[in-house]
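Coordinate inspection notes
In case you want the letters, here they are:
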Amino acid sequence: MSSVNSMLHLGLNLHGAGGHSAAWRWPGTNPSAFFDIEHYVRAAKVAERGLLDAVFLADTPAINFDITHQPPLNGLEPTLVLAVIARETQRIGLIATASTTYNEPYNLARRFQSLDVISRGRVAWNAVTTSSPATVANFGGREVGRADRYRRAEDFVETVRALWLSWSDEMIIADQAAGVYADQSQFRLLDPDTNSFGIPGH
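Just so you know, these numbers come straight off a predicted model, no measurement behind them.

Before going further, it helps to examine the layout of surface pockets. Of the pockets and cavities examined, the largest pocket occupies roughly 400 Å³. Lining the largest pocket we find 16 residues, and of these Gln113, Leu163, Trp164, Ser166 and Trp167 sit closest to its centre. Only α3 (105–118) and α5 (146–164) provide two or more residues apiece to the lining of the largest pocket. By volume, the second largest pocket is sized at about 220 Å³.

To continue, consider the packing of helix α1 (residues 37–49) against helix α2 (residues 78–88). With their axes 10 Å apart at the nearest point, α1 and α2 run at an angle of 50 degrees to one another. Relative to α2, the element α1 is oriented oblique. The interaxial crossing formed by α1 with α2 has right-handed handedness. Facing Ile37, Tyr40, Val41, Ala44 and Lys45 of α1, the residues of α2 in contact are Val81, Val84, Ile85 and Glu88. Residue composition of the contact of α1 with α2, grouped by class: 7 nonpolar, no polar and 2 charged.

This brings us to the sheet that holds strand β4 (residues 123–128). Strand order in the open sheet formed by 4 strands is β1-β2-β3-β4, with parallel pairing between adjacent strands. This sheet does not close on itself; its edge strands, each paired only once, are β1 (11–13) and β4. Averaged over all pairs of adjacent strands, the angle between their axes in this sheet comes to 25 degrees, without regard to strand direction. Set on the sheet, α5 makes contact with β3 (93–99) and β4; between it and β4 the angle comes to about 155 degrees.

Bringing the pairing of strand β2 (residues 54–57) into the picture now. For β1 and β2, the ladder comprises 3 bridges, and the chain directions are parallel. Along β2, the bridge assignment pairs Asn13 with Phe56. The parallel pair β1 and β2, bridged by α1, forms a crossover whose chirality is right-handed. Pairing of β2 with β3 involves 4 bridges; the strand directions are parallel.

It is worth spelling out empty space enclosed by the protein at this point. Under the definition given, this model contains 1 cavity of 30 Å³ or more. Approximately 60 Å³ is the volume attributed to the largest cavity. Surrounding the largest cavity, Gly16, Ala17, Gly18, His20, Ser21, Ala23, Trp24, Gln70, Pro71, Pro72 and Leu73 form its lining.

Two elements in contact, α3 and α5, have axes whose closest approach is 9 Å; the angle formed by their N-to-C orientations is 50 degrees. Put simply, α3 runs oblique to α5. Of the two elements, α3 crosses α5, and the hand of that crossing is right-handed. Touching Pro105, Tyr106, Leu108, Ala109, Phe112 and Gln113 of α3 are Phe156, Thr159, Val160, Leu163 and Trp164, all from α5. Looking at the contact of α3 with α5, its residues break down into 9 nonpolar, 2 polar and no charged.

The rules behind each value
- Residues numbered from 1 in each chain as written.
- Predicted model: local features only at pLDDT ≥ 70, side-chain atom pairs only at ≥ 80, totals over all residues.
- Heavy atoms only, no water.
- 1 Å grid on protein atoms, 1.4 Å probe; cavity = no way out; pocket = protein on both sides within 12 Å on 5 of 7 lines; lining within 4 Å.
- Points joined across faces, edges and corners; volume = space filled by probe spheres on them.
- Helix = DSSP H or I, 4+ residues; strand = E, 2+ residues; numbered from the N terminus.
- Axes fitted to C-alpha atoms, helices over the stretch in contact; angles between N-to-C directions.
- Parallel < 35°, antiparallel > 145°, perpendicular 65-115°, else oblique.
- Left-handed = near helix turned anticlockwise from the far one by under 90°.
- Contact = heavy atoms within 4.5 Å.
- Nonpolar A, V, L, I, M, F, W, Y, C, P; charged D, E, K, R; others polar.
- Pairing = 2+ DSSP bridges.
- Right-handed = clockwise from strand over helix to strand, strands pointing away.

The following block contains the structure:
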């Protein structure tokens, strides 16, 4: 028998009223929980008290099924929800889904970097490609084939990581007496001629 100690990591998948299609009908349940920020905050606090490792928010930027008899699972943009949760919790990890198909690297890198600063380093990104017809329609009907989606996803993740690394830990000097704020030479700009999105990352 192996003597290696294993560790189980537990997380909470944050839904509105619940993962079951009829959960919103349970007595005492808030049918509008999917767009109630207090619902998400309360759930995250319970997860933190229970010593879970993280909370997770999936995301589909569309209503992609018939809601005649059930509400959407999530209604609010994940990084905004997790920014609120970050201010109300101390240690629990915060994982948000964001698509590489219908986002741009600079905006997404900035959103997640901001959330990481707000939460003091508790954030993770669940990078996904997107192909649901409702989502495609919400972004002007620009359908992207599977091979192109995954090729874009690889380039997208690589570019986002490069943007995150563009600020060196030694860059900020903040010498008030000398009037020197930063060492500009530590700023690692991207080469717009070599990255797939043609951005420098200023």
